[in-house]
Amino acid sequence: MTATTLDPTTALVLVDLQKGIVALPTTHPAPPADTVVERGARLATAFRERGLPVVLVRVTGAAPGRSEAPPRSGRLPADFAELVPELGREDGDIVVTKHTWGAFHATDLDLQLRRRGVTQVVLAGIATGAGVESTARAAHEHGYHVTVATDAVTDPDPEVHRFSVERVLPRLAETDTTDNILALLRG
């Protein structure tokens, strides 16, 4: 669990830190959502201070295919997709609205990053085994260097979180703590 370097043009991608997702319960050993939000906000501040891109991803729908998991029932709250205010959204931030787990599919995220010369992404957010892992997979497949702040991701299912952090993400990315990634960012 050690990130080695951050490229000069690295973007921060915060996945689904929105009111409707942050409100979901998490269970130890996955960090609580408010801790993930706080660490994501610290990363965002540091990236902005260095003039590096900050991407705020939110989800407003679901892929249409069938699955064995039951679909969500009922209406989502009106503020479900609103980004949490703790992120301190700024005018220069890139906001991506997705309709599937991953932030690259059917969005302009890759185009936005390539226009800015981004070669690496740092990921944090919710849920570890869905939005974060799917975005990490796609970033890896698009040829980006990927780093995951493993103490700034969480999942409602602690076993999914553990498996993703221990077994899946290290095959797609370098992983490390928020503090160590911030130290790399400061040089």
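Residues numbered from 1 in each chain as written. Predicted model: local features only at pLDDT ≥ 70, side-chain atom pairs only at ≥ 80, totals over all residues. Heavy atoms only, no water.

**Details of the packing of aromatic side chains**
Two aromatic rings are characterised by how far apart their centres lie and by the angle between their planes. What counts here: Stacked, tilted and edge-to-face are the three classes assigned to paired rings of Phe, Tyr and Trp, where Trp is represented by its six-membered ring and a pair needs centres within 6.5 Å; plane angles under 30 degrees give stacked, over 60 edge-to-face, the rest tilted. Numbering of helices and strands runs from the N terminus; a helix is a DSSP stretch of H or I covering at least four residues, while a strand is a stretch of E covering at least two. Each residue's exposure class comes from its accessible area (1.4 Å probe, protein chains only) as a fraction of the maximum for that residue type: buried when under 20%, exposed when over 50%, partly exposed otherwise.
All chains considered together, the criterion is met by 1 aromatic pair. Ring plane angle 35° and centroid distance 6.0 Å describe the contact between phenylalanine 104 and tyrosine 144, whose orientation is recorded as tilted. Residue phenylalanine 104 is located in the loop between strand S3 (94-98) and helix H3 (109-115), and its partner tyrosine 144 is located in the loop between helix H4 (128-141) and strand S5 (145-154); the two are separated by 40 residues in the primary sequence. You can call phenylalanine 104 buried: its relative accessible area is 8%.

**Remarks on the pairing of strand S4 (residues 120-126)**
To be explicit about the condition: A pair of strands is considered paired only if DSSP assigns at least 2 bridges between the two. Think of it like this: strands point away, you trace from the first strand over the helix to the second, and a clockwise trace means the crossover is right-handed.
With respect to burial, S4 is a largely interior element, 7 of its 7 residues being buried. Both faces of S4 are covered, namely the face carrying Gln120, Val122, Ala124 and Ile126 and the face carrying Val121, Leu123 and Gly125. Bridge count for strand S1 (residues 10-15) against S4 is 6 bridges, and the pairing is parallel. From the neighbouring strand, leucine 12 faces S4, where its bridge partner is valine 122. Pairing of S4 with S5 involves 6 bridges; the strand directions are parallel. Its bridge partner being in S5, glutamine 120 is matched across the sheet by histidine 145. Between S4 and its parallel partner S5, the chain crosses via H4, and the hand of that crossover is right-handed.

**Things to note about the environment of histidine 105**
Considering the arrangement of structural elements, one finds histidine 105 in the loop between S3 and H3. Overall, the relative accessible area of 55% leaves histidine 105 in the exposed class.

**Notes on the sheet that holds S3**
Rules: All axes are obtained by fitting lines to C-alpha atoms, using only the stretch in contact for helices, and the reported angles, taken between N-to-C directions, cover 0 to 180 degrees. Contacts are assigned to residue pairs that have any heavy atoms within 4.5 Å of one another.
Strands sit in the order S3-S2-S1-S4-S5-S6 across an open sheet of 6 strands; the sheet is parallel. If you trace the sheet from one side to the other, it starts and ends with S3 and strand S6 (174-176), each paired once. Sheet twist, expressed as the average angle between the axes of neighbouring strands with direction ignored, equals 25°. Bridging between S5 and S6 involves 3 bridges; their strand directions are parallel. Note that in S6 the partner of valine 148 across the bridge is threonine 175. The sheet strands contacting helix H2 (residues 33-49) are S1, strand S2 (54-59), S4 and S5, and the helix crosses S1 at an angle near 155°. Where helix H5 (residues 158-172) meets the sheet, its contacts fall on S5 and S6, and the angle it forms with S5 comes to roughly 170°.

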